[in-house]
Amino acid sequence: MPEVPAAARRRSRAAAVTLATVGLLVVTAASATVTVAIGRPDHGHARSVAAGANSSPSPAPGGDLGPSDSPSPVPLPTITLAPAPSSTLHGTVNGSTHGGDLRYFLLPIPDGGESYGSPDGVALDLDDLAKDYAQSDQIKPVLDSYGYQEAVYREYRTADGRAEVSARLMRFSSADNAKAWLQGASYGDGPPTSVDGDSEAKGFVFKPEQQAYTGGLVGVSRVGDVEYEVKVSVKGDPDKALLADVMKRQHDRLVAGG
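Visitor: Just to check I follow, could you spell out the packing of aromatic side chains for this structure?
Guide: Centre distance and the angle of the planes are the two values used to describe a pair of aromatic rings. Tallying each qualifying case throughout the model produces 5 aromatic pairs. On the numbers, 6.2 Å between centres and 70° between planes, the contact of tyrosine 133 with tryptophan 181 is edge-to-face. Of the two residues, tyrosine 133 sits in the loop between helix 3 (126-130) and helix 4 (139-145) while tryptophan 181 sits in helix 5 (residues 175-183), which places them 48 residues apart along the sequence. Considered together, tyrosine 133 and tryptophan 181 belong to a single accessibility category, that of buried residues. Ring centres of phenylalanine 172 and tryptophan 181 lie 5.8 Å apart, and the angle between their planes is 35°; on these two criteria the pair is classed as tilted. Both residues of the pair, phenylalanine 172 and tryptophan 181, belong to the buried class. Three or more aromatic residues joined by ring pairs form one cluster here, namely Tyr133, Tyr146, Tyr148, Phe172 and Trp181.

Visitor: How should the side chain of aspartate 225 be read in this particular structure?
Guide: Looking at the secondary structure, you find aspartate 225 in the loop between strand 9 (214-223) and strand 10 (226-235). Look at aspartate 225: it is buried, it has no salt bridge, and the nearest opposite charge is arginine 171 at 4.4 Å. Excluding residues within four positions of it along the chain, aspartate 225 makes contact with Ser96, Thr97, His98, Met170, Arg171, Phe172, Ser174, Ala175 and Ala178.

Visitor: Teacher, can you tell me more about the pairing of strand 2 (residues 97-100) here?
Guide: A regular strand carries its side chains on alternate faces of the sheet. In this structure, strand 1 (residues 91-94) lies alongside strand 2, joined through 4 bridges in antiparallel fashion. By the bridge assignment for strand 2, threonine 92 is matched with glycine 99. The loop that links strand 1 with its antiparallel partner strand 2 comprises 2 residues; one of these, glycine 95, has a positive phi angle of about 65°.

Visitor: What is the right way to look at the pattern of salt bridges in this model?
Guide: Within this structure, the stated rule accounts for 9 salt bridges. A salt bridge links lysine 140 to aspartate 127; the nearest nitrogen and oxygen atoms lie 2.6 Å apart. Of this pair, lysine 140 sits in helix 4 while aspartate 127 sits in helix 3; the two residues are 13 residues apart in sequence, bridging distant segments of the chain. A relative accessible area of 34% places lysine 140 in the partly exposed class. In this structure aspartate 127 comes out as partly exposed when scored by relative accessible area, which is 45%. Across the salt bridge formed by glutamate 227 and arginine 168, the nearest N and O atoms sit 3.6 Å from each other. With glutamate 227 in strand 10 and arginine 168 in strand 6 (residues 163-172), this pair connects stretches of sequence that are 59 residues apart. Members of the salt-bridge network, linked through shared partners, are Arg168, Glu227 and Glu229.

Rules of the game
Residues numbered from 1 in each chain as written. Predicted model: local features only at pLDDT ≥ 70, side-chain atom pairs only at ≥ 80, totals over all residues. Heavy atoms only, no water. Phe/Tyr/Trp six-rings, centres within 6.5 Å; stacked < 30°, edge-to-face > 60°. Helix = DSSP H or I, 4+ residues; strand = E, 2+ residues; numbered from the N terminus. Buried < 20%, exposed > 50% of the residue type's maximum accessible area, 1.4 Å probe, protein only. Lys, Arg positive; Asp, Glu negative; His and termini not counted. Salt bridge = Lys/Arg side-chain N within 4 Å of Asp/Glu carboxyl O. Contact = heavy atoms within 4.5 Å. Pairing = 2+ DSSP bridges.

Here it is, written out as structure tokens:
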């Protein structure tokens, strides 16, 4: 098995963390806009509608000035909300081998979470993967030598808007190849950290220069023939417990497939 060269080292996460900061700021700004729009209705329009609804109809010239018949209320239409579309992806687990659509095994989005892009996740081609590695022009033959098969990705924002989480899965031709790739994984100058509950996993911490900036956590591990990476971006210093939680959920998804 060839050794993973420098080309297989992931780029520094500084750029990714900067992008995550922008994403969080955009989400905050959008939420503020919605709050303003809901909290400050067009009062002038509301008064006009109310006045029109409460005023009595003017009698026709020369007509009877007595009370007129009240108009019959118009029944409101019944509104039926369409159910949220459910995923039709399917995957199988047979020992250390994962079959079917690899997107099926992506870290589940928790209740209230909002995905960026397709809720099912997206497939990554070799060009997408190469952008993540130093000396990207050399990574393709390296991946091929490890029996690389495919990769998928999904990113979401938590319900409270405080964190962005992404998961990337890479499937190899065998569990041994996935393990060898994991052993050669490194992340620039990110200081390593342990991941509670997974002795095989590697964790990396990226603290922000200021608490107002976004920090990040990255964890990599594998289940059978699939190597996986999860990333958590939060404001300020990241808590290791967040990484352990998402790593466990991704691990369980790959083990049980549901």
